[in-house]
Amino acid sequence: MATKKQVKRTAWDTVQLARNPGRPNVTEYISMMCEDFVELHGDRLFGDDRALIGGFATISGVKVMVMGHRKGRTVEENVESNFGMASPDGYRKAMRLMRIAEKFGLPVVTFIDTPGAYPGADAEARGQAEAIAHNLEFMSTLRTPIVVVVIGEGGSGGALGIAVGDKILMLQNAVYSVISPEGCASILWRDGSKAPVAAEALKITAESLKKLGVIDEIVSEPAQGAHTDPKAAAAAVKKAVLAALKELMRLSADELVAKRYDKFCAMGRYFEVKGK
Amino acid sequence: MSWFEKSAETPLRVPTEALWVVCPSCKAYVEKDAWKQAGKVCPRCNYHARLSCRERIKMLTDADSFEEINAQVTTSDPLNFSDGSGTYAAKAAATKAKTGEFESVVTGTAAIEKIPVVIAVMDFKFLGGSLSSGAGERILLATEVAVKLHRPLIIVSASGGARMHEGIISLMQMAKTSAGIARVKEAGLPYFSILTDPTTGGVSASYAMLGDLNIAEPKALIGFAGRRVIENTIKQKLPDDFQTAEYTRDHGFVDCIVQRRELKGFVAKCLRYAGF
Ligand SMILES: [Zn+2]
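Calculation criteria
Residues numbered from 1 in each chain as written. Chains lettered and ligands numbered in written order. Predicted model: local features only at pLDDT ≥ 70, side-chain atom pairs only at ≥ 80, totals over all residues. Heavy atoms only, no water. Helix = DSSP H or I, 4+ residues; strand = E, 2+ residues; numbered from the N terminus. Buried < 20%, exposed > 50% of the residue type's maximum accessible area, 1.4 Å probe, protein only. Contact = heavy atoms within 4.5 Å. Areas by Shrake-Rupley, 256 points an atom, 1.4 Å probe, with all protein chains shown as cover. Lys, Arg positive; Asp, Glu negative; His and termini not counted. Charge placed at Lys NZ, Arg CZ, Asp CG, Glu CD. Pairing = 2+ DSSP bridges. Polar contact = N/O pair within 3.5 Å; in protein donor to acceptor, adjacent residues only side chain to side chain. Domains from an automatic or database assignment. Buried area = accessible area lost by both parts, 1.4 Å probe. Salt bridge = Lys/Arg side-chain N within 4 Å of Asp/Glu carboxyl O.

## Here we look at the overall build of chain B
Helix and strand content of chain B: ten helices and twelve strands. Dimensions of chain B, computed from C-alpha atoms along their principal axes, come out at roughly 55 × 50 × 40 Å. Within chain B, buried positions represent 56% of all 276 residues. Pairs at least 24 apart in sequence give 66% of the contacts found in chain B among residues at least 6 apart. As displayed, chain B has an accessible area near 11,700 Å², and 53% of this comes from carbon and sulfur atoms. Averaged over its 34 positive side-chain charges, chain B has a centre that lies 2 Å from the centre of its 30 negative ones.

## Concerning the pairing of strand 3 (residues 62-69) of chain A
All names here are of chain A. In terms of burial, strand 3 is largely enclosed, as seven of its eight residues are buried. When strand 2 (residues 52-59) meets strand 3, the two strands line up antiparallel, connected through eight bridges. Bridged to Ile53 within strand 3 is Gly68. Hairpin connection from strand 2 to strand 3: two residues lie between these consecutive antiparallel strands, with Ser60 at a positive phi of about 45°.

## Some details on the environment of Arg269 of chain A
On the secondary structure map, Arg269 of chain A appears in the segment after helix 12 (253-265). Given a relative accessible area of 36%, Arg269 of chain A falls into the partly exposed group. A distance of 2.6 Å separates a polar atom in the side chain of Arg269 of chain A from a polar atom in the side chain of Glu137 of chain B.

## Digging into the domain arrangement of chain B
All names here are of chain B. Domain annotation of chain B identifies domain 1 (1-49) and domain 2 (50-273). Relative placement of domain 1 and domain 2: their C-alpha centres are 28 Å apart. Tallying the contact residues gives six residues for domain 1 and eight residues for domain 2. Approximately 660 Å² of surface area, both sides summed, lies buried where domain 1 meets domain 2, with 42% of it carried by carbon and sulfur atoms. The three residues of domain 1 that bury the most area against domain 2 are Lys40, His48 and Ala49, which together make up 64% of that side's buried surface. For the pair domain 1 and domain 2, the number of links is one salt bridge. With a shortest N-O distance of 2.9 Å, Glu55 and Lys40 are connected by a salt bridge. Here domain 1 and domain 2 share five residue pairs in polar contact (both at pLDDT 80 or more) between them.

In structure tokens form, the structure reads like this:
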């Protein structure tokens, strides 16, 4: 099991752990946590994005719709899954699966692990911005519970596109940010090598995000990171997801939607009255 | 060379800044009064220069109909952020002093050809029109006022995307504003999004792409990822028209491109089609 021993890390150390190529990916979490998984393919519009996968799954007897950004384990897998960078087709597939979940009365569990939405010319042509925007709008009114788990990299809008949920869980060594530390450093510091400083300033670790009220719960990892004991990491995620589901499945659809709205509206609600 | 290019030769007198504006696109000298009269649109090449939020409100709404709401909601500094060039707090204070605005979006009630609306107008001059907690809160409150007063909602976007200085809190404004838009639509109210130069990043991937109608100004830059990021990803040079309003319309994400001088009448006409 996850150890209680605290290991002090800088934000930049955590970024390295979150991106560790050995870190368990969504496919592995699903296979370690779920006794059944039926993958469902395609957005019914263009294609089947291998960078964002999903389908029916059963976690300790609880039937859910599961989905997540998919980073590969091998070079071949990473080429196929575009290193976890989803295209509009991926976000539209996610929305289609969430629609099915709502219709069938299944809670949704999403796994977040992406450097960001794919910045490609074809992704722009097919409406990357529209696809993400539409998911944000749609998820805010979805009449079934949504549990989000940030397992690795939570990269900006590409992460948020499937991360509007009732409970946001985050692994201890995952990161979640509006921009990569490298990107931020090269824009605001005009020096990409200042990424470690930017990582600190952006407050992207689970501990900082919990304080900011952006995530609800930190899931402990094995002392040296999830990749050193994937089974223990998966067991901890499974336990946290089941607890969250149990809590949310007691609420009516109206209550869920109202609470989700209030939750996101409260984020960044700061008043500084200046009087113009 | 066509006739109109010949006709716009440099005037014989040495132009002075007091009397002439140089079109940033075709470099023609345009009389300052004519430039203002045309709403900062070049009479020679139809270049649509950026407007301040106050100029936009003046052009789009009936005289003296605009009443600002929630002006007291302004920037805050949730991360206590500073970068290579200083603190965010100092940068925000300087921007407020320079622009006379307190956020990158101004919201209020107004009338468009006597039709009462709620309107939000972004200002690129305020930190690149970036989406911050204050801007997100103003937009959310505008959506709530639209529902409460049962009025159509109009948002004019001009933004480079998220405000990095507010980190993850800025990202969350995408979810928050999109949730507000969902409620406007659920109330059966029209929401028109007007995309002006530029509308990119987190703003295009949230409310700007969610209009019942998405209306753009000619040649406006509209997209998710930045051109250079995409070129670096795909290792190809992108065509000049990539991510223009025309490109976005031709790919199915914008309903109409409307000349600035016709925008008010066009919005009013569509509002009447919507039953207002
Ligand atoms: Zn011109």
